[in-house]
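One letter stands for each residue in the lines below.
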Amino acid sequence: MKLSCVRNIQENKRNNLNNVNNNSRYNPNFTGFASGCAAFWKFVDNGGRALQFTVEDCAETNFPRSLKGLFAGYKYTGKLNILAFLQEAIREFLTGPTMCVTPIAILALATKFSGKTANTHTENISNLAYLTGKTQIENAKEFAPNFFSVAVEDMLKQTLGIKENDIKENDIKTLVEGLTKYNAETNKKEASKILADLQNEFEKIVKREKSSYKNTNFLNASYSVAKDKTGTTSFKNYMGYISAWADDFGKKLNKDNLSTITSDAIKSFKKTWIGKRMFVAGSMFGITALLMSFVPKLYTLASGSINPNATVIYSEAGKDGKDDKQPQGKEVK
């Protein structure tokens, strides 16, 4: 058997790939219906999880079940079952949006009126409070940039599993600059783009610095929760938590006219936000459950307090029973 050099094999694969990319027939341009489908699904994907869920829910349950109700008993009566259609449509079109939109709306109101940290997980509130205690400032304006440096350095240390002295200053600087830019951006679309670029930079650093990728998720970041306790979450989420904490704690420093960070200020802030987070989570669950309890009442009211899906079937079964009379006095075996 003839053996080929690994380098030659890799070069051949690379050349073949280049030939494929250079050949226009491998990059077709969609036209007509295909182009419309591609544009629609791109729109859905860019719309985020809420729009994705809505499209999935409508395609998989809302429309199919509503149509099923419309034709319930049709083969017996030859008529469309309007009441069954209303029951199915009201139930399906209210259930999904209620479960999806209500928690998002509550969270949006909480972050708007109380602060962005309302969207921070309890573990990360403890994590960021711990890192705040390691941040040194001489005035309130220094908090955000200094805190970003502390948080990024800690994240690289825990994610890469290396000592602080081995972390490259340029890596810290690059991520801090990106995080600062993200924190200052008010346009959601631009902020999302900056966050995506930050994710790419973080991934490059992890790939370059880690000697082994075993059990490594390049989309996740690790951090210190306490001196001997660490945690892990999505990198993008963590950047949002750091940014929110910097804004809210910075406001507290300005409000209390503090030029230094005290342990009492950290404890008070941590306790307050853990309480707020628990209240928000409880509200999301409780209000959603309350609203969901009204859905059955609405579709029952619309269908006339009956089961329109089964009524026509029972009616037809009753007619058949009358036609099939058994002789009196004889046992039917």
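Structure report, in brief. Since this is a predicted model, take the numbers as computed values, not measurements.

Parameters and conventions
All residue numbers here refer to positions counted from 1 along the written sequence of the relevant chain. Given that this is a predicted model, residues contribute local features only at a pLDDT of at least 70 and side-chain atom pairs are listed and counted only at 80 or more, while totals for whole chains, interfaces and linings are drawn from all residues. Just so you know, side-chain values use all the structure's heavy atoms and leave hydrogens and water out. The criterion for an aromatic pair is that two Phe, Tyr or Trp rings (for Trp, the six-membered ring) have centres within 6.5 Å, with stacked assigned to planes under 30 degrees apart, edge-to-face to planes over 60 apart and tilted to the rest. Whether a charge sits over a ring depends on NZ of Lys or CZ of Arg being within 6 Å of the ring centre and within 35 degrees of the ring normal. Helix numbering and strand numbering both begin at the N terminus, where a helix is a DSSP run of H or I of at least 4 residues and a strand a DSSP run of E of at least 2. Given a helix with a known number of residues, its expected span is that number minus one, times 1.5 Å. Working definition: with a 1.4 Å probe on protein chains only, accessible area under 20% of the residue-type maximum means buried, over 50% means exposed, and in between means partly exposed. When checking whether two residues touch, look at their non-hydrogen atoms; a contact exists if any pair is within 4.5 Å. Using a grid of 1 Å spacing that covers the protein atoms alone, one calls a set of points a cavity when a 1.4 Å probe fits there but cannot get out, and a pocket when the set is open and has protein on both sides within 12 Å along at least five of seven lines; lining residues are those with an atom within 4 Å of a point. Grid points are joined across faces, edges and corners, and a volume is the space filled by probe spheres set on the points. Polar here means any residue outside two lists: the nonpolar Ala, Val, Leu, Ile, Met, Phe, Trp, Tyr, Cys and Pro, and the charged Asp, Glu, Lys and Arg; Gly therefore counts as polar. As used in this record, nonpolar core signifies buried Ala, Val, Leu, Ile, Met, Phe, Trp, Tyr and Cys residues forming a set joined through side-chain atoms within 4.5 Å. Every axis corresponds to a line fitted to the C-alpha atoms, with the helix fit spanning only the stretch in contact, and the corresponding angles, defined between N-to-C directions, vary from 0 to 180 degrees. Between 65 and 115 degrees an angle is taken as roughly perpendicular, under 35 as roughly parallel, over 145 as roughly antiparallel, and anywhere else as oblique. Note on convention: near helix rotated counterclockwise from far helix by under a right angle means a left-handed crossing. Clockwise means right-handed.

1. Considerations on the packing of aromatic side chains
Argument step 1. The final tally for this structure, using the stated rule, is twelve aromatic pairs.
Argument step 2. Following the ring pairs from residue to residue traces out a cluster consisting of F143, F147, W245, F249, F269 and W273.
Argument step 3. The ring of Y299 carries R91 above its face, with NZ or CZ at 5.3 Å from the centroid.
Argument step 4. Across the ring face of F218, the terminal group of K207 is positioned such that the distance to the ring centre comes to 5.3 Å.

2. What to know about helix α11 (residues 263–302)
Argument step 1. The end-to-end C-alpha distance of α11, which contains 40 residues, comes to 59 Å, matching closely the 58 Å that a straight helix rising 1.5 Å per residue would cover.
Argument step 2. Residues of α11 that are buried: A265, I266, F269, W273, I274, R277, V280, S283, T288, V295 and Y299.
Argument step 3. The inward-facing, buried residues of α11 abut α5 (82–113), α6 (122–132) and α10 (235–255).
Argument step 4. With its phi angle positive at about 80°, G304 sits one or two positions after the end of α11.

3. Points about the environment of G240
Argument step 1. Structurally, G240 can be placed in helix α10.
Argument step 2. With 45 residues separating them in the primary sequence, G240 and L195 have C-alpha atoms 8.9 Å apart.

4. Focus on the layout of surface pockets
Argument step 1. Quantified by volume, the largest pocket comes out at close to 800 Å³.
Argument step 2. Lining the largest pocket are 17 residues, with K116, N119, Y182, K188 and G240 sitting closest to its centre.
Argument step 3. At the level of secondary structure, the elements contributing two or more residues to the lining of the largest pocket comprise α8 (169–184), α9 (188–209) and α10.
Argument step 4. In terms of residue count, α10 provides more of the lining of the largest pocket than any other element does, six residues in total.
Argument step 5. Partitioned by chemical class, the residues of the lining of the largest pocket number five nonpolar, eight polar and four charged.

5. A word on the nonpolar core
Argument step 1. Of all hydrophobic cores here, the largest spans 50 residues; its most connected members are F143, F147, L156, Y238, M239, I242 and W245.
Argument step 2. Contributions of two or more residues to this core are made by α5, α6, α7 (143–160), α8, α9, β1 (220–226), α10 and α11.
Argument step 3. Discounting residues that sit within four places of it in the chain, M239 has contacts with M155, L179, Y182, L195 and L198.

6. Remarks on the packing of α6 against α10
Argument step 1. Axis separation between α6 and α10 bottoms out at 11 Å; the angle between their running directions is 60°. If you check the angle between α6 and α10, you find them oblique. At the point where α6 passes α10, the crossing takes the right-handed sense. For the pair α6 and α10, contact is made by N124, I125, N127, L128, A129, L131 and T132 and by Y238, Y241, I242, W245 and F249, respectively.
Argument step 2. Of the residues belonging to the contact of α6 with α10, the class tally is nine nonpolar, three polar and no charged.

7. Focus on the packing of α10 against α11
What describes two packed helices is the angle between their axes and the distance between those same axes.
Argument step 1. Two numbers describe how α10 lies on α11: the axes approach to 11 Å, and their chain directions differ by 125°. As far as their axial angle goes, α11 and α10 are oblique. By crossing handedness, the relation of α10 to α11 is classed as right-handed. Within the contact between the two elements, α10 uses W245, D248, F249 and K252 and α11 uses A265, I266, S268, F269 and W273.
Argument step 2. Of the residues belonging to the contact of α10 with α11, the class tally is six nonpolar, one polar and two charged.

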